[in-house]
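What the coordinates show
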Amino acid sequence: MFKQRAQILGVHAILIAYCALAIGPILLVVMNSFKARKAIFGAPLAPPNTDTFSLVGYAKVFSASHVGTYFMNSLIVTLVSMGLVLLFGAMAAWALTEYRFRGSTALALFLSIGIMVPIRLGSVAIVTMMRKAGLNDTLTALILVYIAQGLPLSIFILSEFVQQIPKDLRDAARCDGVPETRIFFEVIAPLLRPAIATVAVFTIVPIWNDLWFPLILTSSDSTHTITLGVQQFLGQYITDWNSVLAALSMAILPVVAIYVIFSRQLISGLTAGAVK
Amino acid sequence: MAEPFSQVVASMPRGRFLALLALFLGPAVAVYTLFSIYPLIATMGLSTYTTDSSGAYQFHGLSNFVTLLGDPDWSGHFWNAAKNNLIFFIVHMLVQNPIGIALAGLLSLPGLKLKGLYRTLIFLPTMLSVVIVGFSWNLILSPLWGVAEGALKAVGLGSLFAPWLGLPSTALVTLALISVWQFVGIPLMLIYAALLNIPEELVDAARVDGLGHFRIFLHIKLPLVLPTIGLISVLTFVGNFNAFDLIYSVKGALAGPNFASDILGTYFYRTFFGFQLQLGNPTMGAAVATVMFFIILAGVCLYLFIVQRRLRRYAF
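Calculation notes
Residues numbered from 1 in each chain as written. Chains lettered and ligands numbered in written order. Predicted model: local features only at pLDDT ≥ 70, side-chain atom pairs only at ≥ 80, totals over all residues. Helix = DSSP H or I, 4+ residues; strand = E, 2+ residues; numbered from the N terminus. Rg over C-alpha atoms; globule rule 2.2 N^0.38 Å. Buried ≥ 20, exposed ≤ 12 C-beta atoms within 10 Å, placed from the backbone. Contact = placed C-beta atoms within 7 Å. Domains from an automatic or database assignment. Nonpolar A, V, L, I, M, F, W, Y, C, P; charged D, E, K, R; others polar. Expected span 1.5 Å × (residues − 1). Bend = angle between axes of the 7 residues up to and from the residue. Core = buried A, V, L, I, M, F, W, Y, C linked by C-beta atoms within 7 Å. pLDDT = per-residue confidence, 0-100. Axes fitted to C-alpha atoms, helices over the stretch in contact; angles between N-to-C directions. Parallel < 35°, antiparallel > 145°, perpendicular 65-115°, else oblique. Left-handed = near helix turned anticlockwise from the far one by under 90°.

In this section: the overall build of chain B. Along its length, chain B carries 15 helices and four strands. At 25 Å, chain B has a C-alpha radius of gyration far larger than the 20 Å of a compact globule built from 316 residues. Residue burial in chain B is summarised as follows: out of 316 residues, 41% are buried. Taking the intrachain contacts of chain B between residues at least 6 apart in sequence as the baseline, contacts between residues at least 24 apart amount to 66%.

Rendered as structure tokens:
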């Protein structure tokens, strides 16, 4: 009995230590972003107090960069891409699992290439293509690339969900003469709602955090995303610690807030998707 | 699935059935083919061309690859990047995946309290942008701020401190460990999910036989999640040989000091876009991307043909 209790304590000690290692650096950055320069260097581990509290870094970030624009761009790109990945992905997953036709297995295999092969490797041709199509330096270019990037995995995950929907549901609707498109949009699509969390984890996070495609496809401030904007701001103001810490915190806090709110769904989505 | 699908659909006129398929599959297949598969193939095609003095493309066979792998001007940096990338991958395999597996083992212990909280906190860094993580660690490890040095001093190891990110001998491994710190959540979650799927009876039977938690994990659970370990290995491989963001944000496109942290992703970027005095070269960039494609393909095939065949998933 005693040995068992000691074991459990040991397990908790290890996990607490690892948690500290995981969130310590994040806390350190966020905490110091609210401090005056002197306190950042004088006592980096102390939380801000009335003497050391300062928002000078945040003021600098707002005045010296287009943070609002970057944020909106990221929001637009991420949400539009995710919406279309979900729509196109669900439609394709439905057709692939529900309808039998010659070449369906080959098509499913073709669509799954993108799960393993990163789209980045096609960058040279993507840049050339976007320039020719006049889409260079537009959010549309980013959205198109991100849809193509997100589709393979989302089709794979959504197919698993479609298979779990009872067959009777659609067969009953068919006997009543409901057309196939309405069966999908009115019967099947609402049932796929739980899959959204899973697909969202795999699409939103990589798109929001991506540096590569904004870097090679956008060149002006009006089309930068937050990840690229912060990266360039940091490179420019690297010696201004207040601004750097503030910019980092502004990029961290929204993600952490959303993550904390949705972590249960995100993690259950992640583990559910992983078992397959 | 052997069962025949709905009579209603089966008796549909062929034209209408095809229209239905086009409607449902069309958008996904079109966007995916145009912006994912076509660029990959076009990039490979472009790698067999070269630009002449007027800027026009000319077919050049495989000579870009001969240059890349053999010409000392190119191959020195290429092999350096490939070697560094391999080290980057090995650090992940030796540190990230074992830690992820061990933490998943601890989290899946029956009756453990607070496991939801632990899981949430440990997974948090994985959600952040690599750029943010890179810069944050850059500050923390900086001798200017002295946080890392102070932390080491506090435990009596102050003499071990060095500006790790700035030294050629330690920059690459330090960056790899930063990446490990961020992405340990992925093997953790995948293994955790697989562990939860192991039937209770198996574990109970072992417990009745008097095995402790540790031996149950080592001898019963771990062999059962080997397919998942294979999966995380191949995901790590693909992710590492395609990595770019971290090195670029911490060390810039030149992947200093003196290319000590240069990996294939940063080498590809410099070749394609150029940097400082070197002009961008799309055809050589395409050649680098093609080589990266074949490296990744080799890894994935190895996984599919050998690992997956040997490690049949335990039929639950």
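With that settled, the discussion passes to the overall build of chain A. A count of helical and extended segments in chain A gives 13 helices and zero strands. Counted from the first residue to the last, chain A has its helices and strands arranged as α-α-α-α-α-α-α-α-α-α-α-α-α. Taking 19 Å as the expected radius of gyration for a compact globule of 276 residues, we find that chain A reaches 24 Å, considerably beyond that expectation. Here the C-alpha coordinates of chain A stretch approximately 75 × 70 × 30 Å along the principal axes. The buried share of chain A, reckoned over its 276 residues, is 45%. Within chain A, residue pairs in contact and separated by at least 24 positions form 75% of the contacts whose partners lie at least 6 positions apart.

Turning our eyes to something else, we now look at the environment of Thr138 of chain A. With respect to the helices and strands, the residue Thr138 of chain A is situated in the loop between α6 (123-132) and α7 (139-164). Sequence separation between Thr138 of chain A and Phe2 of chain A is 136 residues, and the spatial gap between their C-alpha atoms is 65 Å.

So, about the domain arrangement of chain A. Residue and element names in this part refer to chain A. According to the domain assignment, chain A contains domain 1 (2-53) and domain 2 (59-275). Averaged C-alpha coordinates put domain 1 and domain 2 at centres separated by 33 Å. With seven residues of domain 1 in contact, the opposing surface of domain 2 contributes eight residues. Elements supplying a minimum of two residues to the side of domain 1 that touches domain 2: α1 (2-33) and α2 (37-42).

Let's shift gears to the interface of chain A and chain B. Listed as interface residues are 69 residues of chain A and, on the opposing side, 67 residues of chain B. In terms of residue count, helix α13 (residues 241-275) of chain A provides more of the side of chain A that touches chain B than any other element does, twelve residues in total. For the side of chain A that touches chain B, the per-class residue count stands at 52 nonpolar, eleven polar and six charged.

Since one α-helical turn is 3.6 residues long, residues separated by three or four positions face the same way. Residue and element names in this part refer to chain A. Taking 1.5 Å of rise per residue, the 26 residues of α7 would be expected to cover 38 Å, and the 36 Å separating its terminal C-alpha atoms lies within 8% of that figure. The principal kink in α7, of about 40°, is found at Leu151, preceding the proline Pro152 by one to four residues. Within α7, 22 of the 26 residues are buried, which leaves it mostly tucked inside the rest of the structure.

With that settled, the discussion passes to unusual backbone geometry. Phi angles above zero are rare outside glycine, and Asp137 of chain A is one such case at about 60°. Here Asp137 of chain A shows up in the loop between α6 and α7. Asp137 of chain A sits in the partly exposed class, given 16 other C-beta atoms within 10 Å. We note that Phe259 of chain B has phi near 65°; this positive angle belongs to a residue other than glycine. Here Phe259 of chain B lies in the loop between α13 (245-251) and α14 (264-273).

On to the nonpolar core. Ranked by size, the top nonpolar core spans 162 residues in total, and within it Ala92, Val145, Ile147, Leu158 and Ala247 of chain A together with Ala28 and Met292 of chain B carry the most contacts. Among the elements that line this core, the one with the most residues is α7 of chain A, at 17 residues. Both of domain 1 (2-53) and domain 2 (59-275) of chain A provide at least three residues apiece to this core. If we skip the residues at most four places from it in the chain, Met292 of chain B touches Leu121 of chain A together with Phe241, Leu264 and Phe268 of chain B.

Any residue range with low pLDDT should be treated as having predicted coordinates unsuitable for detailed reading. The pLDDT averaged across chain B works out to 86; a share of 95% of its residues lies at or above 70. We note a pTM of 0.89 for the whole complex and an ipTM of 0.87 for its interfaces.

Moving on: helix α4 (residues 72-107) of chain B. Compared with the 52 Å implied by 1.5 Å per residue over 36 residues, the 51 Å span of α4 of chain B between its first and last C-alpha is a close match. At His92 of chain B, α4 of chain B shows its maximal bend, which comes to roughly 30°.

Residue and element names in this part refer to chain A. Put simply, helix α4 (residues 67-98) and helix α10 (residues 193-209) touch, their axes get as near as 10 Å, and they point 140° apart. Accordingly, the angle class assigned to the pair α4 and α10 is oblique. Judged by the sense of rotation from one axis to the other, the crossing of α4 with α10 is right-handed. Across from Ser74, Val77, Thr78, Ser81, Met82, Val85, Leu86 and Gly89 in α4, the residues of α10 making contact are Ile196, Val199, Ala200, Thr203, Ile204, Ile207 and Trp208. Per-class residue counts for the contact of α4 with α10 are ten nonpolar, five polar and no charged.

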